[in-house]
Structure formats: C-alpha cells, structure tokens
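# Notes for the structure review
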Amino acid sequence: MSANPKKGFVSSTLSYKGGIGHWSWILHRLGGLGIAFFLILHILDIFMVGVSKSAFEDLLFIYHEPLLRPVIWALVFGVFYHALNGLRIIIQDFWPHMFRYQKQLATTVWVIVIVLTVFLVGVDIVGMMA
Amino acid sequence: MTTRYARTPKPSGSTFELLSWFYMRASGALLALMVVFHLVWMHYVIGLNNINFDVIAGRWTGPGGIFWRSYDLTLLILASLHGMNGIRFVTDDYIHNRGWRALVKALIALVLLLMVVFGGLVIFTFNG
C-alpha cells in the first residue's frame with residue numbers, strides 16, 4: 001500500500017524520504033521483476049533449441065540485433081545491481097551490526113556496479129565499432 | 001525473557017515464510033556467482049554475436065556436456081524459484097483483495113511449473 005493513501009502510488013513511492021536505502025529497494029525490486037520476465041523469455045528461446053534448429057535461430061535476433069543491444073545492457077546492469085545489492089542485504093541480515101554501515105555498503109554496491117557495467121558495455125561498444 | 005504484548009501477532013506455526021526468507025538468501029548468494037559467470041561467459045567469452053544453434057548443441061553434447069547440463073539445470077531451478085517467489089512478495093505488497101491475490105499466486109505457481117518443465121525438458125532430452 002502506498003505510504004500516503006491521499007497521494008498516488010507512484011508519487012508516494014518516489015517521494016518517501018528513505019534516502020539511498022529507499023532507492024536501493026526500488027531498484028532491487030524493479031530489477032528483480034525485469035530479470036524474472038527476461039528469464040521466462042530466455043527459457044522459451046532455449047526451449048526452441050529442442051524444437052528445431054530454425055525455430056531457435058529465428059529468435060537469435062534477441063542477442064544479435066544491434067538495435068536491441070541497449071536492452072541487453074539494461075539487463076547486464078540489472079543483473080549486476082540485483083546480485084551485488086542482494087549480497088549487501090545478505091550481509092546486513094546475517095551480521096546485523098553491519099546495518100550501522102548501510103549507507104557505505106549501498107554506496108560501495110553502486111561504485112562496483114557502475115565500474116563493471118561501464119567496463120562491459122564499453123567492451124561491447126568497442127567490439128561493435130571494430 | 002521475552003515480553004509478549006497483547007497485540008503482537010502470535011507465530012502462525014508455519015515455517016513457510018521463514019524458509020522462503022532463507023531460500024532467497026541462500027539461492028541469491030549462489031545465483032549472484034552463477035548468473036554473473038553465465039552472463040560474462042555467454043556475452044564476452046563466447047560473444048553474443050557468436051551464439052547460434054551449433055554453439056548450444058556443442059555445449060550440451062560435447063565432452064563437457066554433463067557439466068553444462070548440470071550447470072544449466074541448477075540455474076534453471078534456482079533462478080525460476082527465486083524469481084517467482086520474488087514476484088509472490090510483490091503481489092503480497094500490492095494486491096489487497098484476497099480473491100485476486102489467490103488467483104495471481106495460482107498463476108505464478110503455474111508459470112513456475114511451466115518454466116521448470118519446459119526448461120528441464122530441453123536440458124534433459126536434447127540430443128543434437
């Protein structure tokens with residue numbers, strides 16, 4: 001339920017002043033949903049490997065089409081973020097005294113994720129230009 | 001000694017939600033390693049543009065076939081259950097009507113079953 005029922009769901013979600021932990025929660029959830037929907041699609045495309053060679057290769061545009069590459073980059077970012085932020089949640093849940101460093105941990109997650117994503121997307125762009 | 005207040009909900013007696021909480025952390029830790037490896041391997045070691053039928057077929061039927069089929073099956077089961085359980089959390093947060101929530105959860109369970117059946121079928125039965 002939204003924090004303030006008089007406001008809409010989206011505006012109350014966005015205006016809640018929970019700081020970096022709140023933004024982490026929003027992104028963890030959105031990223032998780034996005035990855036879950038990709039997983040369903042991915043199971044279907046790999047299922048086609050068992051149907052026939054051409055049935056699978058008809059779907060390869062998902063991975064080959066340069067115009068769809070930004071969607072793949074969003075997925076790469078989402079997977080890295082959900083994985084690293086998930087590890088932060090595990091650390092805080094199993095070692096509760098680490099909650100004291102929640103902000104530092106959340107910032108660390110962002111730094112690692114941005115470095116990894118920029119590096120891997122950069123490798124992709126250089127590869128596409130070559 | 002712990003103090004129980006009158007309005008504190010009594011423990012329900014079911015350990016399902018505790019197990020669910022633990023599963024998300026245990027599978028999450030494993031998935032963080034396995035999915036990142038899978039993603040980096042397919043995207044950068046093999047290369048997105050090189051992925052085709054022969055690459056997947058070779059991976060499952062070649063000398064490392066048993067390893068890759070086990071790896072892919074482990075990912076399939078861990079990730080499908082982790083993902084669908086996560087969507088179940090979201091429905092608990094936003095769908096307040098009991099009937100709709102039950103319906104959506106039944107759909108989530110059905111999708112989970114189909115994911116594991118379809119994915120498992122191709123991993124187990126593929127023979128080139």
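Here's a quick rundown of the structure.

## Section: the overall build of chain A
Looking only at helices and strands, chain A features six helices and zero strands. Counted from the first residue to the last, chain A has its helices and strands arranged as α-α-α-α-α-α. Scaling as 2.2 N^0.38, a compact globule of 130 residues should have a C-alpha radius of gyration of about 14 Å, whereas chain A reaches 19 Å, well beyond that. Dimensions of chain A along its principal axes, counting C-alpha atoms only, are 55 × 35 × 30 Å. Split into buried and exposed, the 130 residues of chain A put 15% on the buried side. Intrachain contacts of chain A at a sequence separation of at least 6 include 59% that bridge at least 24 residues.

## Looking at the packing of helix 5 (residues 69–94) of chain A against helix 6 (residues 102–129) of chain A
To characterise two packed helices, one gives the angle between the axes of the helices and the distance between these axes. Residues and elements named next belong to chain A. Relative orientation of the contacting elements helix 5 and helix 6 amounts to 155°, with a least axis distance of 9 Å. With respect to helix 6, the element helix 5 is oriented roughly antiparallel. Judged by the sense of rotation from one axis to the other, the crossing of helix 5 with helix 6 is right-handed. Seen from helix 5, the contacting residues are Arg-69, Trp-73, Val-76, Phe-77, Phe-80, Tyr-81, Leu-84, Asn-85, Arg-88, Ile-91 and Gln-92; seen from helix 6, they are Gln-102, Leu-105, Ala-106, Val-109, Ile-112, Val-113, Leu-116, Thr-117, Leu-120, Val-121 and Asp-124. Residue classes in the contact of helix 5 with helix 6 are distributed as 15 nonpolar, four polar and three charged.

## What to know about the environment of B:Asn50
For B:Asn50, the location among the structural elements is in the loop between helix 1 (16–47) and helix 2 (53–61). For the pair formed by B:Asn50 and B:Trp100, sequence separation is 50 residues and the distance between their alpha carbons is 44 Å.

## Side note on the nonpolar core
Ranked by internal contacts, the top residues of the largest apolar core, which has 19 residues, are A:Leu39, A:Val79, A:Phe80, B:Val35 and B:Ala79. Of all elements in the fold, only helix 2 (19–51), helix 5 and helix 6 of chain A together with helix 1, helix 3 (65–94) and helix 4 (98–125) of chain B reach the threshold of two or more residues within this core. Ranked by residues supplied to this core, first place goes to helix 5 of chain A with five residues. Setting aside chain neighbours within four positions, we find A:Val79 in contact with A:Ile35, B:Val35, B:Val36 and B:Leu39.

## Topic: helix 4 of chain B
If you check helix 4 of chain B, its first and last C-alpha atoms are 40 Å apart, about what 28 residues at 1.5 Å a residue would give, namely 40 Å. Those residues of helix 4 of chain B that sit buried are B:Met115, B:Gly119, B:Val122 and B:Ile123. At its buried positions, helix 4 of chain B is contacted by helix 2 of chain A together with helix 3 of chain B.

## Structural notes on the interface of chain A and chain B
Contact with chain A, which involves 28 residues of that partner, is made by 29 residues of chain B. For the side of chain A that touches chain B, the secondary-structure elements that each account for two or more residues are helix 2, helix 3 (53–57), helix 4 (61–64), helix 5 and helix 6 of chain A. Ranked by residue count, the leading element in the side of chain A that touches chain B is helix 2 of chain A, at 12 residues. Split by residue class, the side of chain A that touches chain B holds 20 nonpolar, four polar and four charged.

## Considerations on the environment of A:Glu57
Note on placement: A:Glu57 falls in helix 3. Taking the C-alpha atoms as reference, A:Glu57 lies 9.2 Å from A:Asp45; in sequence the two are 12 residues apart. If near-sequence neighbours (up to four positions away) are discounted, A:Glu57 is found in contact with B:Asn52 and B:Phe53.

The rules behind these values
Residues numbered from 1 in each chain as written. Chains lettered and ligands numbered in written order. Predicted model: local features only at pLDDT ≥ 70, side-chain atom pairs only at ≥ 80, totals over all residues. Helix = DSSP H or I, 4+ residues; strand = E, 2+ residues; numbered from the N terminus. Rg over C-alpha atoms; globule rule 2.2 N^0.38 Å. Buried ≥ 20, exposed ≤ 12 C-beta atoms within 10 Å, placed from the backbone. Contact = placed C-beta atoms within 7 Å. Axes fitted to C-alpha atoms, helices over the stretch in contact; angles between N-to-C directions. Parallel < 35°, antiparallel > 145°, perpendicular 65-115°, else oblique. Left-handed = near helix turned anticlockwise from the far one by under 90°. Nonpolar A, V, L, I, M, F, W, Y, C, P; charged D, E, K, R; others polar. Core = buried A, V, L, I, M, F, W, Y, C linked by C-beta atoms within 7 Å. Expected span 1.5 Å × (residues − 1).

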